[in-house]
Amino acid sequence: MNRRRVLTALAGVGLTGGSLWVARNGLGSSSSDRLPLTVETLDANGSAAGSATVPTPGTVTVVDLFATWCAPCDDQLAELNELEPAYDSVSFVSVTNERPGETLTREDIADWWNRNGGDWTVGVDPGSELLTAFGASGLPFIVIVDADGEPVYEHGGLASAATLRSRLDPLVGDD
């Protein structure tokens, strides 16, 4: 692993750790009081540079919180790649709380995304607002939000496509 990746990973661990401390210590209000949020989106496969509202208003949304240095996040993206084509009416959004700067650029994140086969909206949340709003306990962290904007399923760690399918099907019927 080159020096840049090591430094990026260490910085990411520190940033995520601080965000998780805030989430675990209950600072702020409940997630539904802080959602939806706007995140910066990146120019990458299935995504355009700009901004997106998370969760997508009026739509069942799968929110994937990840980091490029997180090995299980690679596996989570593979599970989501298997799942996403079957759900036309569901919005998929993946967001990292990494802070683009000198050691990690937006292009680096987009390159990671493209290498791992992502094909939906990908964004950055350097202030960790989504991690805090959802009370994320680690990465990867998956949240399914119903069409009314209420989180109905949250999972820290790797969630299988089968598990996510079992949670999505009752929300969308025959998609």
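Structural data are supplied above this passage.
Below is a short write-up of the structure. (Residues numbered from 1 in each chain as written. Predicted model: local features only at pLDDT ≥ 70, side-chain atom pairs only at ≥ 80, totals over all residues. Heavy atoms only, no water.)

For the rest of this paragraph, the subject is the overall build of the protein. In terms of regular secondary structure, the protein is built from 6 helices and 7 strands. Each helix and strand of the protein, ordered N terminal to C terminal, gives the series α-α-β-β-β-α-β-α-β-α-β-β-α. Residues counted as buried form 43% of the 175 residues belonging to the protein. Of the contacts formed within the protein by residues at least 6 apart in sequence, a portion of 73% connects residues at least 24 apart. (Helix = DSSP H or I, 4+ residues; strand = E, 2+ residues; numbered from the N terminus. Buried < 20%, exposed > 50% of the residue type's maximum accessible area, 1.4 Å probe, protein only. Contact = heavy atoms within 4.5 Å.)

This part takes up the pattern of salt bridges. Inspection of the entire model under this criterion finds 2 salt bridges. Across the pair Glu-40 and Arg-106 runs a salt bridge, and its minimum N-O distance is 2.6 Å. Separated by 66 residues along the polypeptide, Glu-40 in strand β1 (residues 37-41) and Arg-106 in helix α4 (residues 106-115) bring together distant segments of the chain. On the accessibility criterion, Glu-40 (29% relative accessible area) is partly exposed. On the basis of relative accessibility, which here comes to 36%, the residue Arg-106 falls in the partly exposed class. Between Glu-82 and Arg-165 there is a salt bridge, with the nearest N and O atoms lying 3.9 Å from each other. With Glu-82 in helix α3 (residues 71-83) and Arg-165 in helix α6 (residues 161-172), this residue pair connects regions lying 83 residues apart in the sequence. You can call Arg-165 partly exposed: its relative accessible area is 27%. (Salt bridge = Lys/Arg side-chain N within 4 Å of Asp/Glu carboxyl O.)

On to the packing of aromatic side chains. Aromatic ring pairs are reported here in terms of the distance separating the ring centres and the angle at which the planes meet. Scanning the entire structure with this criterion turns up 4 aromatic pairs. Taken together, a centroid distance of 6.3 Å and an interplanar angle of 35° make the contact between Phe-66 and Trp-113 tilted. Residue Phe-66 is found in strand β3 (residues 61-66), and its partner Trp-113 is found in helix α4; the two are separated by 47 residues along the sequence. Between Phe-92 and Trp-120 the ring centres are 5.6 Å apart and the planes differ by 55°, which places this aromatic pair in the tilted class. Remark: Trp-120 occurs in the loop between α4 and β5 (121-124) and Phe-92 occurs in strand β4 (residues 91-96); sequence separation between them is 28 residues. Accessibility expressed as a relative area gives 6% for Trp-120, which makes it buried. Grouping aromatic residues by their ring pairs yields a cluster made of Phe-66, Phe-92, Trp-112, Trp-113 and Trp-120. (Phe/Tyr/Trp six-rings, centres within 6.5 Å; stacked < 30°, edge-to-face > 60°.)

Another point: the pairing of strand β6 (residues 141-145). Judged by how many residues are buried, β6 sits mostly within the fold: 5 of 5 residues are covered. A two-sided burial pattern is seen for β6, the buried positions comprising Phe-141, Val-143 and Val-145 on one face and Ile-142 and Ile-144 on the other. Alignment of β3 against β6, held across 5 bridges, turns out to be antiparallel. Within β6, the position partnered with Val-63 by the bridge is Val-143. Sheet topology places β6 next to strand β7 (residues 151-156); 5 bridges connect them, and they run antiparallel. If you follow Ile-142 over to β7, its bridge partner there is His-155. Turn length for the β6-β7 hairpin, with the two strands adjacent in sequence and antiparallel, is 5 residues, and the turn residue Gly-149 shows positive phi of about 85°. (Pairing = 2+ DSSP bridges.)

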